[in-house]
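# Structural description and commentary
As a plain string of letters, each chain reads:
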Amino acid sequence: MTLDAEVTHVTVRVGLNGQVPRCQHLDLLVAVKHGLPECKQCLALGWVWARLLVCLSCGWVACSDDSPGGHAKGHYEETDHPVVAELDPGSTWRWCYVHGRTV
């Protein structure tokens with residue numbers, strides 16, 4: 001979505017059939033092995049996480065924003081690794097921090 005300087009015209013860029021454009025960050029991913037199914041930062045602080053995410057750029061495992069620490073987002077902010085996936089067998093959920101949406 002783009003806004004002009006006066007915020008009077010809104011342009012939404014979408015793909016065919018109203019679909020949002022494909023996230024180009026998916027094209028940059030390679031197969032990585034993930035670390036242990038734990039958030040090391042939460043363990044060090046004695047916190048419990050709600051859900052674990054794995055960085056699809058390097059395999060780092062950390063807690064989601066649903067958790068007190070939100071360490072997966074912190075990993076993105078430190079590394080610029082854009083896409084994470086839920087570390088749950090059978091899950092196909094992926095999130096792109098750059099685009100702020102599921103991919």
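Residues numbered from 1 in each chain as written. Predicted model: local features only at pLDDT ≥ 70, side-chain atom pairs only at ≥ 80, totals over all residues. Heavy atoms only, no water.

### Comments concerning the nonpolar core
Keep this limit in mind: By convention a nonpolar core is built from buried Ala, Val, Leu, Ile, Met, Phe, Trp, Tyr and Cys residues, the set being connected through side-chain atoms within 4.5 Å. The buried label goes to any residue with under 20% of its type's maximum accessible area, the exposed label to any with over 50%, and the partly exposed label to all in between, with areas taken from a 1.4 Å probe on protein chains only. In DSSP terms, a helix is any run of H or I states spanning at least four residues, a strand is any run of E spanning at least two, and both are numbered starting from the N terminus. Contacts are assigned to residue pairs that have any heavy atoms within 4.5 Å of one another.
If you look at the biggest cluster of nonpolar residues, it comprises 18 residues, and the most contacted ones within it are Cys39, Leu53, Val54, Leu56, Ala72, Val83 and Tyr97. Within the residue set of this core, elements represented by two or more residues are strand E3 (52-55), strand E4 (61-63), helix H2 (71-79) and strand E5 (83-86). With residues up to four places along the chain from it excluded, the contact list for Tyr97 reads Leu53, Ala72, Lys73, Tyr76, His81, Pro82 and Val84.

### What about the pattern of salt bridges?
A side chain of one charge can pair with a side chain of the opposite charge when the charged atoms of the two come close. Here is the rule: Put simply, a salt bridge is a Lys or Arg side-chain nitrogen that is within 4 Å of an Asp or Glu carboxyl oxygen.
Inspection of every chain in the model, using the stated rule, returns two salt bridges. Where Asp27 meets Arg22, a salt bridge forms, and the shortest distance between an N and an O atom there is 2.8 Å. Neither Asp27 nor Arg22 differs from the other in exposure class; each is exposed. Where Arg51 meets Asp66, a salt bridge forms, and the shortest distance between an N and an O atom there is 3.4 Å. Highlighted residues: Arg51 in the loop between helix H1 (40-45) and E3 and Asp66 in the loop between E4 and H2, separated in sequence by 15 residues.

### Remarks on the confidence of the model for the protein
Cut-off, in case you're wondering: For every residue, the predictor states its confidence as a pLDDT score lying anywhere from 0 to 100.
Overall, the prediction assigns the protein a mean pLDDT of 85, with 83% of residues at 70 or greater. Averaged over each element, pLDDT in the protein is lowest for strand E1 (residues 2-3) (40) and highest for E4 (98). Taken as a whole, residues 1-12 scores under 50 in pLDDT and shows ten contacts with residues more than four places along the chain or in a different chain.

### Some points on the environment of Tyr97
Along the chain, the position of Tyr97 falls in the loop between strand E6 (94-96) and strand E7 (101-102). Sequence spacing of Tyr97 and Val83 is 14 residues, and the spatial spacing of their C-alpha atoms is 6.3 Å.

### Here we look at the environment of Leu28
For Leu28, the position within the fold is in the loop between strand E2 (10-11) and H1. Residue classification places Leu28 among the exposed positions, given a relative accessible area of 64%. Sequence separation of Leu28 and Ser57 is 29 residues, and the distance between their C-alpha atoms is 8.3 Å.

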